[in-house]
Amino acid sequence: MKNAAIFHGTGGTPNHFWHPYVKQELEKLGYEVWLPQLPNTDKPAINEWLPFALDNKQFNEDTVLIGHSAGCPLILSILGKIDVKIRLAIMVAAFYQPLDNIDKEPILQDNYDWEKIRAHCSHSIIINSDNDPWGCNDNTGQSLFEKIGGDLIIRHGQGHMGSEKFKQPYKEFPLLVNLVKTFEGNI
């Protein structure tokens, strides 16, 4: 059965930004969509988020994972732990290393098993902007792309693609829905 999981970022909720829109559009396409409230959202830690995701979601060859910001290292961690190859991972404002002026972020793993991550995902898409105010920019996206491959989409002037602090409401994100449609039967 077609299914998807959408993971918000730091300080987020299932109702933030484009998440409800993408959930609704994917449901129209016949997806069962899990859009959870992740624990301790203001201080995301992989030792809390990863067990929560693994304990509450079944992953299979028809799974699509979509993450925003801190939801992206969660996707990488999930791919490193599961024993199945999912259909598609889309990471928006993606990062996997500490961001500007931050030594260690608890949402990040010390090391990632890139081979395992690639092996557990039929296709990955990284979407970053060239002016992300948090440091999840085009250089960060390029660096992740070099680790996992797939497709890299650099958006120009789109910031974090959802941020209250920087007044980026980003209520809809049709690109994500179109990408899921595109890769539905092509993998």
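Here the structure is a predicted model, which is why all the values come from computation and not from measurement.

Student: Honestly, the environment of G150 in this entry has me stumped. Any pointers?
Tutor: Secondary-structure assignment places G150 in the loop between α5 (138-148) and β6 (151-155). Sequence separation of G150 and L88 is 62 residues, and the distance between their C-alpha atoms is 9.8 Å. Not counting residues up to four positions away in its chain, the partners in contact with G150 are H123, S124 and F145.

Student: Looking at this structure, how should I read the sheet that holds strand β5 (residues 124-129)?
Tutor: The strand order across the open sheet built from six strands is β2-β1-β3-β4-β5-β6, with neighbouring strands paired in parallel fashion. Strands with a single pairing partner mark the edges of an open sheet, and in this sheet they are β2 (32-34) and β6. When the angles between neighbouring strand axes are averaged without regard to direction, this sheet yields 15 degrees. Sheet analysis places strand β1 (residues 3-7) next to β2, joined by three bridges and oriented parallel.

Student: How should the pairing of β1 be read in this particular structure?
Tutor: The side chains of a regular strand alternate, residue by residue, between the two faces of the sheet. Burial analysis of β1 places five of its five residues in the buried class, which makes it a mostly covered element. On β1, burial covers both faces: N3, A5 and F7 on one face and A4 and I6 on the other are all buried. Taken together, β1, helix α1 (residues 19-28) and β2 constitute a β-α-β crossover, and its handedness is right-handed. Bridging between β1 and strand β3 (residues 63-68) involves five bridges; their strand directions are parallel. Bridge pairing links F7 to G67 in β3.

Student: Honestly, the pattern of salt bridges in this entry has me stumped. Any pointers?
Tutor: Pairs can form between side chains of opposite charge whenever their charged atoms are close. All chains considered together, the criterion is met by four salt bridges. A salt bridge links E25 to K28; the shortest N-O distance between them is 3.0 Å. Note that E25 and K28 are positioned in helix α1 at a spacing of three residues, about one turn of the helix. Of the residues examined, K28 reaches a relative accessible area of 56% and is grouped as exposed. R87 is paired through a salt bridge with D62; the nearest N and O atoms lie 2.8 Å apart. Here R87 is found in the loop between α3 (71-81) and β4 (88-92), whereas its partner D62 is found in the loop between α2 (46-56) and β3, with 25 residues between them in sequence. The burial state of R87 is the same as that of D62; both residues are buried.

Student: Before we go on, may I ask you to explain the layout of surface pockets in this structure?
Tutor: One way to see where empty space is left: roll a probe the size of a water molecule over the atoms. A volume near 580 Å³ is recorded for the largest pocket. As for the largest pocket, its lining consists of 29 residues, and the residues nearest its centre are T10, G11, S69, W134 and H160.

Student: Hey, could you run me through unusual backbone geometry in this one?
Tutor: For residues besides glycine, phi is generally negative; the peptide bonds are generally trans as well. Phi angles above zero are rare outside glycine, and K167 is one such case at about 50 degrees. Taking relative accessible area as the criterion, K167 reaches 71% and is therefore assigned exposed. Of note in this structure, Y170 is not a glycine but carries a positive phi near 40 degrees. Tracing the sequence through the fold places Y170 in the loop between β6 and α6 (174-184). On the accessibility criterion, Y170 (16% relative accessible area) is buried.

Student: Please explain the pairing of β4 as it appears in this structure.
Tutor: The buried count for β4 comes to five of five residues, which makes it a mostly enclosed element. Burial of the side chains of β4 extends over both faces: L88, I90 and V92 are buried on one face and A89 and M91 on the other. Alignment of β3 against β4, held across five bridges, turns out to be parallel. Bridging from a neighbouring strand, L65 pairs with A89 of β4. Of the crossover connections in this fold, the one passing from β3 over α3 to the parallel β4 is right-handed. Direction of pairing for β4 relative to β5: parallel, over a ladder of four bridges. Its bridge partner lying in β5, A89 is registered against S124.

Procedures and definitions
- Residues numbered from 1 in each chain as written.
- Predicted model: local features only at pLDDT ≥ 70, side-chain atom pairs only at ≥ 80, totals over all residues.
- Heavy atoms only, no water.
- Helix = DSSP H or I, 4+ residues; strand = E, 2+ residues; numbered from the N terminus.
- Contact = heavy atoms within 4.5 Å.
- Pairing = 2+ DSSP bridges.
- Axes fitted to C-alpha atoms, helices over the stretch in contact; angles between N-to-C directions.
- Buried < 20%, exposed > 50% of the residue type's maximum accessible area, 1.4 Å probe, protein only.
- Right-handed = clockwise from strand over helix to strand, strands pointing away.
- Salt bridge = Lys/Arg side-chain N within 4 Å of Asp/Glu carboxyl O.
- 1 Å grid on protein atoms, 1.4 Å probe; cavity = no way out; pocket = protein on both sides within 12 Å on 5 of 7 lines; lining within 4 Å.
- Points joined across faces, edges and corners; volume = space filled by probe spheres on them.

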